[in-house]
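# Descriptive analysis of the structure
These are the residues of each chain, in order.
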Amino acid sequence: MVGLSEGEKHFIRGGIAQDLRSDGRKRLQFRSISVETGVIPQANGSARVRLGATDVIASIKAELGKPSILRPDKGKVSIFVDCSPTAAPMFEGRGGEELSNDLSVALQRCLLGGTSGAGAGIDLSSLIIVDGKVCWDLYIDGLVISSDGNLLDALAAAIKVALSNTGIPKVSVLGASSDEQPDVDVSDEEFLQFDTSGVPVIVTLTKVGRHYIVDATSEEESQMSSAISVSVNRRGQICGLTKRGGAGLDPSVVLDMISVANSVSQQLITVLDSEIAAAEASEE
Amino acid sequence: MRDLQPSLNQTQRVRLQSALRQLHSLPSSSSSSPLSSVAVADPIQVNHDDNILKGHGTLDCDGEVVATLCGVVERVNKLVYVRALRARYKPEVGDIIVGRVIEIAPKRWRLEINFSQVAVLMLSSMNLPDGIQRRRTAVDELNMRSIFEENDVICAEVRGFQHDGSLHLQARSQKYGKLERGQLLTVPAYLVKRRKQHFHHLEQYGVDLIIGCNGFIWVGEHVEAGENVGMLVEDQKKTSTAEEESWSFTPLETRKHICRIANAVRLLSALGFTLTVEAIVDTAEASLASNIEINDMLGAEFFVQTAEREVQRRASMVRKKG
């Protein structure tokens, strides 16, 4: 991964302790975010998010499917992440698989709520067309193009932007017979926008020494003892939580980190909103 | 250096474009030779009577010499070749480089220096810590890790190519050696020109700046030559607790200067300007003068301002010449 000498590691740790990181940021400051929408024409919605040198693409593809028997009134959403070998040589072949799986699982936990589908950031019942018969299956694919730390936050931001860029075709049900599969007509012209106000953002706090930082670069991540990713929605509610890294955390520290993440996330949402508006304006 | 792409707003974009256009129209500082940058398939002007030799990146096409690379046409006597920009570093004897140790092998360290192969630093071509000139023994060889470890950043000089084509380095002076307490930046190698001086001690800041010819740039706390060998590592082994470690951190004031200089380097390399110590210090001074936070140096506004300042500088240089 990143090779750093003792002197450089010491310098990075010192910077975090003194609240002045290597690129001049404070501990709770993000790198500049830039957002582009509609980057994949075939997809229903897509977005590219750059966070410093981290570069990710998210695309949303909607397909008609059958809801699961356990939850006949809800649509299905699945999230996959792929790490491109262009990001780092170690992602070549099957090298990126472990990281890809970790990221997909973390994103599912943070965005899709529990196994029952309750508490999901994406409103699953809005994906249903005919109860128990037809629903939309959303396939969310993330691609890591360039990796310089904080992939999870960038991917979550990209998914949020892509969802706000997504248009789902309007569907009208033709034959509404009760037992067999109903006929549906998918409109080519009319699209429905998603309600993305409930989609959370993820803020990862990386603990280095006694302090924690947001938006760590890969050099800083190499010095972390543990990291907590908190997903927070617009109303400041915690939607999900995952922890990485071997070192344990005191419960009081965890609570403190969550409250910090909560306040940072509100700034991030504001920045993302203005970036989304700018990206959509430039697209038109 | 990974690319920095600030998101510009409409007015900033217009300003940047006009600045870049002006830069194109102004002759660059080394414009004594005729304009010789080529893209792929551009014809290269040659005098066919001279019996020229076509070198790297050129092709004979219907009696005309065309370029097969994007870069600068170089002429050495009869040889005509294209030096590609955005390529790996090409070492020349005497270049001062900064590199990172990737492997310790018998009697030598192997270094990554952004060349097409790893560079070799022999144990025999470097000064021992005690400074005594003598034959290197097997004991010295066993203690090589106490001099440089894997991943250490070190500074050395290109000694020459061996018969088998491998590149050898040397570090026979107090000023070469391990670099600690600072950060390493990587920029495209073509942005660094070989000059007389590559070690800079910026006294007003207490910062050491080493501009390696291979595009590796070290910005760190100032240390007197020869006083720091292995000091930090021993310090750290003694100080185990975080409390004690914090005493050995770089002072905040110096760290601010290091970060400011480092961001100046990042900014200039993103703009594609040649990295000289004057340009770097000028940029850092300008950011101080206009009260720009260290982090905002990478933002859109200062990005555009730096481009505009370069236009003014070159324009005034042209006026002086004229």
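Residues numbered from 1 in each chain as written. Chains lettered and ligands numbered in written order. Predicted model: local features only at pLDDT ≥ 70, side-chain atom pairs only at ≥ 80, totals over all residues. Heavy atoms only, no water.

Under an unreviewed UniProt entry, the name given to chain B is Exosome complex component RRP4 homolog, and the source organism is Ananas comosus. UniProt, in its Subcellular location (unreviewed entry) section for chain B, records the words "Nucleus". (UniProt positions renumbered as here; feature names shortened; annotations may be inferred.)

As recorded in an unreviewed UniProt entry, chain A goes by Ribosomal RNA-processing protein 42 and comes from Ananas comosus. Comment text from UniProt for chain A, heading Sequence similarities (unreviewed entry), reads "Belongs to the RNase PH family."

## Here's the deal with the UniProt feature "domain: Exoribonuclease phosphorolytic" (unreviewed entry) in chain A
Taking the UniProt record as the reference, the feature "domain: Exoribonuclease phosphorolytic" (unreviewed entry) is found at residues 29-169 and 198-261 of chain A. When the span residues 198-261 of chain A is considered, its composition is 23% helix and 41% strand, and the gap between its end C-alpha atoms is 17 Å. (Helix = DSSP H or I, 4+ residues; strand = E, 2+ residues; numbered from the N terminus.)

## Thoughts on the sheet that holds strand E12 (residues 238-244) of chain A
Residues and elements named next belong to chain A. Read from one edge of the open sheet, four strands run E10-E9-E11-E12, paired in antiparallel fashion. With one partner strand each, in any of the chains shown, strand E10 (211-214) and E12 form the two edges of the open sheet. Averaged over all adjacent pairs, the angle separating strand axes in this sheet is 25°, with direction ignored. In the sheet, strand E9 (residues 201-208) pairs with E10 via four bridges, with the strands oriented antiparallel. Directly across from Val208, in E10, lies its bridge partner His211. Packed on one face of the sheet, helix H2 (residues 97-111) meets E9, strand E11 (226-232) and E12 and runs near 155° to E12. (Pairing = 2+ DSSP bridges. Axes fitted to C-alpha atoms, helices over the stretch in contact; angles between N-to-C directions. Contact = heavy atoms within 4.5 Å.)

## Considerations on unusual backbone geometry
Residue and element names in this part refer to chain B. Unusually for a residue other than glycine, Asn77 sits at a positive phi of about 50°. Summarising the element assignment, Asn77 is placed in the loop between strand E5 (71-76) and strand E6 (79-84). We classify Asn77 as exposed; its relative accessible area is 79%. A positive phi angle is found at Arg181, which is not glycine, with a value near 55°. Inspection of the secondary structure puts Arg181 in the loop between strand E12 (177-179) and strand E13 (182-186). For Arg181, a relative accessible area of 16% corresponds to the buried category. (Buried < 20%, exposed > 50% of the residue type's maximum accessible area, 1.4 Å probe, protein only.)

## Here we look at the interface of chain A and chain B
Between chain A and chain B, the contact holds 29 residues from the first and 31 residues from the second. Together, the buried faces of chain A and chain B total about 2500 Å²; carbon and sulfur atoms form 51% of this surface. Of all residues in chain A, His10, Phe11 and Gln18 of chain A give up the largest surface area on contact with chain B, accounting jointly for 28% of the area buried on that side. One can count one salt bridge joining chain A with chain B. With its nearest N and O atoms 2.9 Å apart, the salt bridge here joins Arg100 of chain B to Glu8 of chain A. At the junction of chain A and chain B, the tally comes to eight residue pairs in polar contact (both at pLDDT 80 or more). Residue assignment for the side of chain A that touches chain B shows that the elements contributing at least two residues are helix H1 (6-17) and strand E1 (33-37) of chain A. The greatest single-element share of the side of chain A that touches chain B, amounting to nine residues, is contributed by H1 of chain A. Tallied by class, the residues present in the side of chain A that touches chain B amount to six nonpolar, 13 polar and 10 charged. (Buried area = accessible area lost by both parts, 1.4 Å probe. Salt bridge = Lys/Arg side-chain N within 4 Å of Asp/Glu carboxyl O. Polar contact = N/O pair within 3.5 Å; in protein donor to acceptor, adjacent residues only side chain to side chain. Nonpolar A, V, L, I, M, F, W, Y, C, P; charged D, E, K, R; others polar.)

## Quick look at the pattern of salt bridges
All names here are of chain B. Under the criterion given, the structure shown has 29 salt bridges over all chains. Residues Asp140 and Arg134 are paired through a salt bridge, measuring 2.7 Å at the closest nitrogen-oxygen approach. Arg134 sits in the partly exposed class, given a relative accessible area of 34%. As a salt-bridge pair, Glu221 and Arg181 come within 2.9 Å of each other at their nearest N and O atoms. Taken as a pair, Glu221 in strand E16 (residues 216-221) and Arg181 in the loop between E12 and E13 lie far apart in primary sequence, 40 residues in all. With respect to burial, Glu221 and Arg181 carry one shared label: buried.

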